[in-house]
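Below, each chain spelled out in residue letters.
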Amino acid sequence: MANMLTLEIVTPEKKTFSEEVDMVTLPGVEGEMGIFPNHIPLLTQISSGEVVARKGGQDTLLAVGEGFVEITDSRVAIMTDMAVREEDIDLVKAEEARKRAEERLQEKLSDEEEATTRAALLHSLAQLKVKRRRSPNH
Amino acid sequence: MPSTRDLRRRIKSVKNTSQITRAMQMVAASKMRKAQQAALSGRPYAELMNDVLSQVTSNLGEFSHPLLESRPVKKKAIILVTSDKGLCGGLNSNLLREVAKLDPDRNTLYITAGRKGSQFIARTKRELTAEFQYSDVPAFTEARALSKFAISLFEEGKVDQVDIAFTNFVNTLVQKPTVFPFLPIGEFRSFTGDVKGEDMGGALETNSLVEYKFEPAPSTVMGSLIPHYLNFVAFQSLLEAKASEHSARMVAMKSATDNAKQLIKDLTLEFNKVRQASITQEILEIATAALAV
């Protein structure tokens, strides 16, 4: 169908998300992007943040890592190194991961290690951001 | 006729061997499950990436990237992914035979991952440039080191083509030696396309050819997408190789255990026959002695 989008989110571990949606919001490297059906074919990069999939007025939130997005008129395919649905995010664990990563960054690290740790930090921050949006009292 | 003592000794030694092979089978079986899971779950990502890149590169227009350009092949390199240890049936030898076929005049550089491959290169006096290691649970960083090295060889013009040879995991009983083109990225072939049997988690449908827009600029997106793709191909190859290795080892060890069991059975039968014969002999001797008295 042309007035729906198939949103696919795939990580090296598994296919996290595969559903028909009305609209998708992506954390593009140059700012947030909203994608509606019949978009022109686009290849873009995303930074870690939140993806919002809207279907019939209902929003599904996911935290994603850095990655690439392929957009065609009927499909949005996100390839990323992390994708977690909002309901699967463990706030305590994410908070711990953030602290650990921040502490690690204080130490002296090789470039490779620093990049990995920084990515881990961004992952946990993205998860925290998604979770907090729904429940601001945390 | 062998003596009972010799037979008893042999039975004991076969029993010990079967205990070892059974233990190895158990270890391989538990590792196998994890490795297979990892290999299979990486496939949808690999497929999607392949899909996107083949779409994009067929419609690039003006844009080009050094890693996309094919040039006349004077020198080739092969990344050889094997296991570290043996005792896994014909796994490594099948792959190495395949590789040897590709390189009859020995004009190829080799980059190896896994000790068996390095040993093969040394034994056949081929040219080894680098030797990488990968752990039981392949890490992405290990794959990145591997592909980084291959990319630098290609960029410096030392080689004009890089292939990656590994064992593709089909199922527990079947592993397929595969040689997959790594660089330059030209013709796209499905990474798992010729592997049937396992479900890839729903193949994603391909679209008709369309021209893509890029955001940010094509050079930025492709500049990070292409190395990432190569890293991922290397990573998936390591995963497939590991899954194949543990499956092959499990099967090899299972048949070794079964053979040992059969051997013990035969030897026990033999042992009983010998024992019985010697008892009969003794009775006969006593009976004739009694008669003589």
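1. Side note on the overall build of chain A
And step 1. On a plain count of helices and strands, chain A comes out with two helices and ten strands.
And step 2. Traced from its N-terminal end to its C-terminal end, chain A shows the element sequence β-β-β-β-β-β-β-β-β-β-α-α.
And step 3. Scaling as 2.2 N^0.38, a compact globule of 138 residues should have a C-alpha radius of gyration of about 14 Å, and chain A matches this with 16 Å.
And step 4. Over its C-alpha atoms, taken along the principal directions, chain A stretches across nearly 50 × 35 × 25 Å.
And step 5. Nonlocal contacts in chain A, meaning residues at least 24 apart in sequence, comprise 54% of its contacts between residues at least 6 apart.
And step 6. For chain A, the exposed surface amounts to about 6900 Å²; the carbon and sulfur share of it is 48%.
And step 7. If the 18 positive side-chain charges of chain A are averaged to one point and the 26 negative ones to another, these points end up 4 Å apart.

2. What about a nonpolar patch on the surface?
Residue and element names in this part refer to chain B.
And step 1. On the surface, L173, V174 and V251 cluster together to form a nonpolar patch covering roughly 260 Å² of accessible area.
And step 2. Mapped onto the fold, V174 is located in the loop between β4 (161–169) and β5 (175–183).
And step 3. On the basis of relative accessibility, which here comes to 41%, the residue V174 falls in the partly exposed class.

3. Some points on the side chain of B:T108
Residue and element names in this part refer to chain B.
And step 1. Note that T108 resides in strand β2 (residues 108–113).
And step 2. T108 gets classed as buried once you look at its relative accessible area, which sits at 4%.
And step 3. Every residue in contact with T108, bar those within four places of it in the chain, is listed here: K75, K76, A77, I78, D103 and E127.

4. Comments concerning the pairing of β4(B)
Residues and elements named next belong to chain B.
And step 1. In terms of burial, β4 is a largely internal element, eight of the nine residues being buried.
And step 2. One ladder, built from five bridges, connects strand β1 (residues 76–81) with β4; its direction is parallel. Counterpart to L80 in the pairing with β4 is A165.
And step 3. Sheet analysis places β4 next to β5, joined by eight bridges and oriented antiparallel. What sits directly across from N168, in β5, is K176.

5. Remarks on the domain arrangement of chain A
Residue and element names in this part refer to chain A.
And step 1. Partitioning chain A into structural domains gives domain 1 (5–86) and domain 2 (90–134).
And step 2. Centre-to-centre separation of domain 1 and domain 2, based on C-alpha positions: 22 Å.
And step 3. The interface is formed by 15 residues belonging to domain 1 together with nine residues belonging to domain 2.
And step 4. Surface buried jointly by domain 1 and domain 2 totals about 1100 Å² across both partners, of which 56% is contributed by carbon and sulfur atoms.
And step 5. Summed over the shared surface of domain 1 and domain 2, the number is zero salt bridges.
And step 6. Only β6 (49–55) and β7 (58–64) provide two or more residues apiece to the side of domain 1 that touches domain 2.
And step 7. Broken down by element, the side of domain 1 that touches domain 2 gets its largest block of residues, five residues, from β7.

6. Quick notes on the nonpolar core
And step 1. Residues A:L43, B:I79, B:F182, B:L183, B:M222 and B:L230 are the most contacted members of the largest nonpolar core, which totals 57 residues.
And step 2. Among the elements that line this core, the one with the most residues is helix α5 (residues 218–292) of chain B, at 14 residues.
And step 3. Those residues in contact with A:L43 that lie beyond four places of it in its chain are A:V69, A:E70, B:V52, B:V56, B:Y212, B:K213, B:F214, B:E215, B:V221, B:M222 and B:L225.
And step 4. Judged by nonpolar contacts, the second largest core, of 20 residues, contains A:V24, A:M33, A:V51 and A:A83.

7. Regarding the confidence of the model for chain A
And step 1. Mean pLDDT for chain A: 84, with 95% of residues reaching 70 or above.
And step 2. Within chain A, helix α2 (residues 111–134) of chain A has the poorest average pLDDT of any element, 80, and strand β3 (residues 23–28) of chain A the best, 91.

Basis of the calculations
- Residues numbered from 1 in each chain as written.
- Chains lettered and ligands numbered in written order.
- Predicted model: local features only at pLDDT ≥ 70, side-chain atom pairs only at ≥ 80, totals over all residues.
- Heavy atoms only, no water.
- Helix = DSSP H or I, 4+ residues; strand = E, 2+ residues; numbered from the N terminus.
- Rg over C-alpha atoms; globule rule 2.2 N^0.38 Å.
- Contact = heavy atoms within 4.5 Å.
- Areas by Shrake-Rupley, 256 points an atom, 1.4 Å probe, with all protein chains shown as cover.
- Lys, Arg positive; Asp, Glu negative; His and termini not counted.
- Charge placed at Lys NZ, Arg CZ, Asp CG, Glu CD.
- Patch = residues over 30% accessible without salt bridge, like charges linked within 9 Å, V, L, I, M, F, W, Y side chains within 5 Å.
- Salt bridge = Lys/Arg side-chain N within 4 Å of Asp/Glu carboxyl O.
- Buried < 20%, exposed > 50% of the residue type's maximum accessible area, 1.4 Å probe, protein only.
- Pairing = 2+ DSSP bridges.
- Domains from an automatic or database assignment.
- Buried area = accessible area lost by both parts, 1.4 Å probe.
- Core = buried A, V, L, I, M, F, W, Y, C linked by side-chain atoms within 4.5 Å.
- pLDDT = per-residue confidence, 0-100.

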